[in-house]
Amino acid sequence: PAVAAVATVARSFGSFQFVSGNKFWYVVRFATSAVTAATAQRVGLQVGTGANTTNDSIYFTRAVDGAVSLVSTVNTTAVTLVPTVLAAGQGTAYIDVGFYYNGTNLIVYAADVMVARIANVVVQATTAATAVTNGVLTPFFQETPTAANETLSIDYVAVACEVTR
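These notes cover the structure that comes with them. (Residues numbered from 1 in each chain as written. Predicted model: local features only at pLDDT ≥ 70, side-chain atom pairs only at ≥ 80, totals over all residues. Heavy atoms only, no water.)

**Regarding the overall build of the chain**
Then comes step 1: A count of helical and extended segments in the chain gives 0 helices and 13 strands.
Then comes step 2: From first element to last, N terminus to C terminus, the chain shows the α and β order β-β-β-β-β-β-β-β-β-β-β-β-β.
Then comes step 3: Residues classed as buried in the chain amount to 44% of the 165 residues present.
Then comes step 4: For the chain, restricting intrachain contacts to residue pairs at least 6 apart in sequence, the fraction spanning at least 24 positions comes to 62%.
Then comes step 5: Here the chain has roughly 7400 Å² of accessible surface; of this, 55% comes from carbon and sulfur atoms. (Helix = DSSP H or I, 4+ residues; strand = E, 2+ residues; numbered from the N terminus. Buried < 20%, exposed > 50% of the residue type's maximum accessible area, 1.4 Å probe, protein only. Contact = heavy atoms within 4.5 Å. Areas by Shrake-Rupley, 256 points an atom, 1.4 Å probe, with all protein chains shown as cover.)

Take a look at the structure:
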């Protein structure tokens, strides 16, 4: 895309939803070109389509230094759940990150290694320090380029949620 134009790819219809007590899985493998802005790339799940600014969502974002964090947005308020999923200096190589919600706790992975466990996650429509949205989610990939020829490449994404117990 042209410089400073937000490019977002998202499905029109949501299919996935956090439900307290039910399991939820998300994993993505992606690579980026050099990142020159703090919120240049986001990959995750959101309610609705269009640019992810205040949408209810849960996503990984990559910072200028290459570090990756996990952010949850509920009721237009973004909260960083895990500030360092991957440390700085990741370069432009493919990385895989994901999370597993076991019905109570959110377990976050990077390169197939658990990096964080968030206990007693709350599934709700209002903001809390460990909340995730109860909205119906769809995968999205977003890049806000700040220089010419910045890219976001997706190798794979897998999402699944338990619908009954």
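**So, the nonpolar core**
Taken as a class, soluble globular proteins show a tendency for nonpolar side chains to be buried jointly.
Then comes step 1: Phe60, Leu70, Phe99 and Leu106 are the most contacted members of the largest nonpolar core, which totals 31 residues.
Then comes step 2: Contributing elements (two or more residues each) for this core: strand S2 (24–32), strand S3 (41–46), strand S4 (57–62), strand S5 (68–74), strand S6 (77–86), strand S7 (95–101), strand S8 (106–110) and strand S9 (113–118).
Then comes step 3: Excluding its chain neighbours within four sequence positions, the residues that come into contact with Leu106 are Ile58, Leu70, Leu81, Phe99, Tyr100, Tyr101, Ala116, Arg117, Ile118 and Val121. (Core = buried A, V, L, I, M, F, W, Y, C linked by side-chain atoms within 4.5 Å.)

**Quick notes on the pairing of S3**
On any regular strand, side chains alternate: one points to one face of the sheet, the next to the other face.
Then comes step 1: Across the 6 residues of S3, 6 count as buried, placing the element largely inside the fold.
Then comes step 2: Going residue by residue along S3, you find Gln41, Val43 and Leu45 tucked away on one face and Arg42, Gly44 and Gln46 tucked away on the opposite face as well.
Then comes step 3: Examined bridge by bridge, S3 and S4 share 6 bridges and lie antiparallel to one another. Across the sheet, Val43 pairs through a bridge with Phe60, a residue of S4.
Then comes step 4: Here S3 pairs with strand S12 (residues 138–143) via 6 bridges, running antiparallel. In the sheet register, Arg42 faces S12, and the bridge partner there is Gln142. (Pairing = 2+ DSSP bridges.)

**Here's the deal with the pattern of salt bridges**
Then comes step 1: For the structure on display, the rule yields 1 salt bridge.
Then comes step 2: We note a salt bridge from Arg29 to Asp155, for which the minimum N-O separation is 2.6 Å. On the criterion of sequence distance, the pair formed by Arg29 in strand S2 and Asp155 in strand S13 (residues 152–161) is long-range, its members being 126 residues apart.
Then comes step 3: On the basis of relative accessibility, which here comes to 41%, the residue Asp155 falls in the partly exposed class. (Salt bridge = Lys/Arg side-chain N within 4 Å of Asp/Glu carboxyl O.)

**Topic: unusual backbone geometry**
Then comes step 1: For Ala111, which is not glycine, the phi dihedral falls at a positive 50°.
Then comes step 2: Note that Ala111 resides in the loop between S8 and S9.
Then comes step 3: You can call Ala111 partly exposed: its relative accessible area is 46%.
Then comes step 4: The phi angle at Asp112 is positive, at roughly 65°, despite the residue not being glycine.
Then comes step 5: Among the structural elements, Asp112 can be located in the loop between S8 and S9.

On their own, these measurements won't tell you what the molecule is for.
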